[in-house]
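# Tertiary structure, described
The residues making up each chain are set out below.
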Amino acid sequence: MSADQIYTGSCLCGGIRYEIHGEIGPVLLCHCQRCRKANGTAYASNAPIKVSDFRITQGEHLLKKYSSTETTTRCFCSECAAPIISIKTDTPDLYRLRIGTLDTPLQQKPTQHIFVGSKAEWETICDDLPQYDTRP
Ligand SMILES: [Zn+2]
Ligand SMILES: [Zn+2]
């Protein structure tokens, strides 16, 4: 990836648009119950990005914040409910991007499954990536 790579992304309704001026970190598949509920899915697909690389270019007023725990704030579109990023107080320099909202093709693949210990009982993981019961 070139140093001046810019990724773009948007929510489902297109009201929120963002840019990332830098690298996207390792993609984690999180099976914890909170991610499942926040997304309505088997797992969330998240990757760390630097706060300083992230810019909302449209619709910042639509971004709603919800603190799901004392240390985690989830940010989503108040119009279409698409999750965009989460903020963790223990890593203030990083956001956790919900990579399903990217519009730029992402070349890297997921690296691991986390919180497999609390995955949904109906889910079967069908790949050979490392699995961790919580966050390694
Ligand atoms: Zn939206
Ligand atoms: Zn999670």
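If you're wondering where the values come from, they're calculated on a predicted model, not measured in any experiment.

## As for the coordination of the zinc ion (ligand 1)
- Taken together, the protein ligands of the zinc ion (ligand 1) are Cys11 (SG), Cys13 (SG), Cys77 (SG) and Cys80 (SG), with distances of 2.3 to 2.4 Å.
- Written as a sequence motif, the donor residues of the zinc ion (ligand 1) are C-x1-C-x63-C-x2-C.
- Overall, the relative accessible area of 5% leaves Cys11 in the buried class.

## Some words on the environment of Leu106
- The topology assignment puts Leu106 in the loop between strand S9 (94-98) and strand S10 (110-114).
- In this structure, the C-alpha to C-alpha distance between Leu106 and Ile24, residues 82 residues apart in sequence, is 8.8 Å.
- Setting aside its immediate chain neighbours within four residues, Leu106 contacts Tyr7, Ile24, Val27 and Ile99.

## Focus: the sheet that holds strand S7 (residues 72-77)
- The strand order S6-S7-S8-S9-S4-S3-S10 describes an open sheet built from seven strands, whose pairing is mixed. The two strands at the open ends of the sheet, each matched to only one other strand, are strand S6 (63-67) and S10. Averaged over all neighbouring strand pairs, the angle between strand axes comes to 30°, with direction disregarded.
- As defined by bridge partners, S7 adjoins strand S8 (residues 83-88) across five bridges and the pair is classed as antiparallel. Looking at the pairing, Phe76 lines up with Pro83 of S8.

## Some thoughts on the coordination of the zinc ion (ligand 2)
- Donor atoms from the polypeptide that bind the zinc ion (ligand 2) are Cys30 (SG), Cys32 (SG) and Cys35 (SG), placed at 2.1 to 2.3 Å.
- Sequence positions of the residues that donate to the zinc ion (ligand 2) give the spacing C-x1-C-x2-C.
- On the basis of relative accessibility, which here comes to 13%, the residue Cys32 falls in the buried class.

## Describing the nonpolar core
- Counting residues in hydrophobic clusters, the biggest one holds 22 residues, and the most contacted among them are Ile20, Ile24, Phe54, Leu97 and Leu102.
- Secondary structure elements with two or more residues in this core: strand S2 (17-20), strand S3 (27-30), strand S4 (44-50), S7, S8 and S9.
- Apart from residues lying up to four places away in sequence, Leu97 is in contact with Tyr18, Ile20, Ile24, Ser45, Asn46, Ala47, Ile49, Ile84, Ile85 and Leu102.
- Core analysis: the next-biggest nonpolar cluster, separate from the first, contains six residues, Cys30, Cys32, Ala44 and Ile114 among them.

## Describing the packing of aromatic side chains
- Tallied over the full model, the rule gives two aromatic pairs.
- Relative to Phe54, the ring of Tyr18 lies with its centre 5.3 Å away and its plane at 35°, an arrangement referred to as tilted. With Tyr18 in strand S2 and Phe54 in strand S5 (residues 54-58), this pair connects stretches of sequence that are 36 residues apart. Summarising the burial analysis for this pair, Tyr18 and Phe54 share the class buried.
- Arranged with centres 5.5 Å apart and planes meeting at 90°, the rings of Phe54 and Tyr95 form a pair that is edge-to-face. Taken together, the residues Phe54 in strand S5 and Tyr95 in strand S9 connect sequence positions 41 residues apart.

Thresholds, definitions, all that
Residues numbered from 1 in each chain as written. Chains lettered and ligands numbered in written order. Predicted model: local features only at pLDDT ≥ 70, side-chain atom pairs only at ≥ 80, totals over all residues. Heavy atoms only, no water. Donors = N, O, S within 2.8 Å, 3.2 Å for Na, K, Ca; no water. Buried < 20%, exposed > 50% of the residue type's maximum accessible area, 1.4 Å probe, protein only. Helix = DSSP H or I, 4+ residues; strand = E, 2+ residues; numbered from the N terminus. Contact = heavy atoms within 4.5 Å. Pairing = 2+ DSSP bridges. Axes fitted to C-alpha atoms, helices over the stretch in contact; angles between N-to-C directions. Core = buried A, V, L, I, M, F, W, Y, C linked by side-chain atoms within 4.5 Å. Phe/Tyr/Trp six-rings, centres within 6.5 Å; stacked < 30°, edge-to-face > 60°.

Just distances and angles here, no functional claims.
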